[in-house]
Amino acid sequence: MNAAARRLSSLLLAFIFSTSLFAQSATSPRENPDWWKNAVIYEIYPRSFQDSNGDGIGDLNGITSRLDYLQALGIDAIWLTPIYPSPQVDFGYDISDYTAIDPQYGTMADFDRLVTEARKRNIGIIMDLVLNHTSDQHPWFLESHSSRNNPKRDWYMWHDPKMVDGKPEPPNNWLSVFGHSAWQWDAKTGQYYYHRFYIQQPDLNWSNPAVRKAMYDVERFWIQHGVAGFRLDAITSLFEDPTFTDENYVLGPDGKPLINVYGDKQVDTLKTDNLPEVHDVLRELRQVADQTHGRKVILIGETYLRSIDDLRKMYGPHNDELDLPMDMQVGFINRFDVNTFRERINQAETEINGDEPLFVFDNHDNFRWDRYDHDAHHEDAGRVIAAVLSASRDTAMMYYGDEIGMVTTPPTRKDDVKDPIGITGWPKEKGRDGERTPMQWSDGPDAGFSPSGVKTWLPIPPSYEQNNVAAEEHEPDSMLRWYEQLIALRKQDPALHAGAETMLNTIDENVLSWLREADNGEVVVVACNFTDQPQTVSFDLSAQGVRGTGVKTLLKTPGGTDPASLRSVQLGPFGVYIGRVE
Ligand code: NOJ
């Protein structure tokens, strides 16, 4: 069978398969068009979740085998980071085929089984769609690279050099996010190509309608395989300023350009990030998602933005763009500062037209929650973050291992680094291996991640002996129990599930407090102590039109007390209290 015929047959199979799935799940709650609002989305880094075949790398069948655990945790959807065929320079974010599965993760049949089994448990599968760039090994780029006259030349961002003293130099000073010039010289064809990320990740030319069409076909392909949505990688960087002029340098307090961890003079990103044309593409992606069939397919954006105004625009003027742009302004404050948390959460509540915020504190690109850790109160900061995530009016996105308190474990020797930026940037930038270590299922060999005795692709962190699923399932005060209780409460309690949110005690410098109010009038208060000292807070809710002064505890951190009234709620160091007003 030739390649075209193979593609066609797999599309047909996908169609037949998805038709039978829809018939089977017609009454499933997943058909609720609002299923993603107030949902909990769990990010899985497939290399690191569960290895089923003993090669030291996680895989799809491993994930399927853990669905019961995820269902018990209470999640609604799984976001899988890329599982497509890839040279794995950027561990899957360099894709060489958008409509297949990398053999190290399994087969298309394994993927379809994962979707089916997840759906039986009311869990949707969200694919990572990398639209900004492909691998340099993708057939499109191989063609584009082959000659200036190739029909696919214009699928990528090729540019003539700037000639300096007769020698070719990059057209401008734009930098790659991963260090050094964003332009790579190709001596054979005498032009540079642009890559916002690694050299092996050339940027696609989104002004070319053929590129758009090809990617919308990819979107359709996965919808036909039954996915519940897409997480759109680097979505704000699809377009570049067509003048290709230099960016300004970012200056330090001394008026000189800042130097980044790779030793480059830092430049701005005004000409390479969040250009207005991105919104046209979002609308087109939305149309494809809405057209394909009656089921609601959500679009999540990786949206590191400068302001709440930019975030609001990502939903579209008629709610016709992203369903859930990630609110990184709340998630990556990176210091335990009550005022900043309050201000940013309040912005999400009051300045995005009532749309659904997507909060996220942890992912595969950033240090884990322990960046907030406090020496004397290990894990307590993690409980506070979990409470902010779960008890806010939001869709909550968590990262595998958060629920057992997994900590960032960076490599200690340059020779051990797997993520290329950790090699370029060592020792200032150790790369992202530290937040991608294998899931800790037990205190047995390989932490239960791989069958016994296998060398895992990243080492198992020493913390696995205390922080693992098997142990924490039996400890009443474990982080796992805390997450389970928070998620269960969020599902059961109408105020916590979908109630409006108002910040309380807004001049308190130590405790972040807010109120949730359901349509049925039920009111819940949440208080989180951001300090290592005990605090007492008092709530007067008359300004909110709430008469009750009594309170019934719904959930509190271990060692917390049950207050007699809202006038005096005591919180231990980093303590959390959630109570229903009576
Ligand atoms: C964002 C992804 O989260 C990150 O892991 C990746 O390296 C870049 N985009 C490039 O695709």
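Caption draft 1: Layout of the nonpolar core. Formed by 136 residues in total, the largest nonpolar core has its most connected members in Tyr42 and Phe111. Counting 16 residues, the second largest nonpolar core, distinct from the first, contains Phe539, Val546, Val551 and Val569.

Caption draft 2: Looking closely at the sheet that holds strand S10 (residues 298–301). Pairing in this closed barrel of eight strands is parallel, and the strands run S1-S2-S3-S9-S10-S11-S12-S13 around the ring. The average angle at which neighbouring strand axes cross in this sheet is 25 degrees, direction not considered.

Caption draft 3: Just the domain arrangement of the protein, in detail. Once the domains are mapped, the protein shows domain 1 (3–133 + 209–257 + 266–486), domain 2 (134–205 + 258–265) and domain 3 (499–581). Between domain 1 and domain 3, the C-alpha centre-to-centre distance is 31 Å. Across the contact, 23 residues belong to domain 1 and 28 residues belong to domain 3. Across the domain 1/domain 3 interface, buried area totals approximately 2,200 Å², and carbon plus sulfur atoms make up 71% of it.

Caption draft 4: Inspection of the site of the ligand at higher detail. The environment of the ligand is formed by Asp90, Tyr93, His133, Phe178, Phe197, Arg231, Asp233, Glu302, His364, Asp365, Arg432 and Arg436. Within the side chain of aspartate 365, an N or O atom sits 2.4 Å from an oxygen atom of the ligand. The fraction of the free accessible surface of the ligand (300 Å²) that becomes covered by protein chains is 97%. Here the residues of the shell around the ligand sort into three nonpolar, two polar and seven charged.

Caption draft 5: Representation of the packing of aromatic side chains in the model. Considering all chains together, one arrives at 34 aromatic pairs under this definition. Aromatic pair phenylalanine 336 and phenylalanine 341: ring centres 6.2 Å apart, planes at 85 degrees, arrangement edge-to-face. The class for phenylalanine 341 is buried, based on a relative accessible area of 0%. Ring geometry for phenylalanine 341 and phenylalanine 361: centres 6.3 Å apart, planes at 10 degrees, overall stacked. Pair noted here: phenylalanine 341 is in helix H10 (residues 338–350) and phenylalanine 361 is in the loop between strand S12 (358–360) and helix H11 (380–391), with a separation of 20 residues, a long-range link. The same class applies to phenylalanine 341 and to phenylalanine 361, which are both buried.

Caption draft 6: Looking closely at the confidence of the model for the protein. With 94% of its residues at a pLDDT of 70 or more, the protein shows a mean pLDDT of 94. Residue range residues 1–28 is modelled with pLDDT below 50. Its contacts to residues more than four positions away, or to other chains, number 23 contacts.

Scoring rules and cut-offs
Residues numbered from 1 in each chain as written. Predicted model: local features only at pLDDT ≥ 70, side-chain atom pairs only at ≥ 80, totals over all residues. Heavy atoms only, no water. Core = buried A, V, L, I, M, F, W, Y, C linked by side-chain atoms within 4.5 Å. Buried < 20%, exposed > 50% of the residue type's maximum accessible area, 1.4 Å probe, protein only. Pairing = 2+ DSSP bridges. Helix = DSSP H or I, 4+ residues; strand = E, 2+ residues; numbered from the N terminus. Axes fitted to C-alpha atoms, helices over the stretch in contact; angles between N-to-C directions. Domains from an automatic or database assignment. Contact = heavy atoms within 4.5 Å. Buried area = accessible area lost by both parts, 1.4 Å probe. Near = heavy atom within 4 Å. Polar contact = N/O pair within 3.5 Å; in protein donor to acceptor, adjacent residues only side chain to side chain. Areas by Shrake-Rupley, 256 points an atom, 1.4 Å probe, with all protein chains shown as cover. Nonpolar A, V, L, I, M, F, W, Y, C, P; charged D, E, K, R; others polar. Phe/Tyr/Trp six-rings, centres within 6.5 Å; stacked < 30°, edge-to-face > 60°. pLDDT = per-residue confidence, 0-100.

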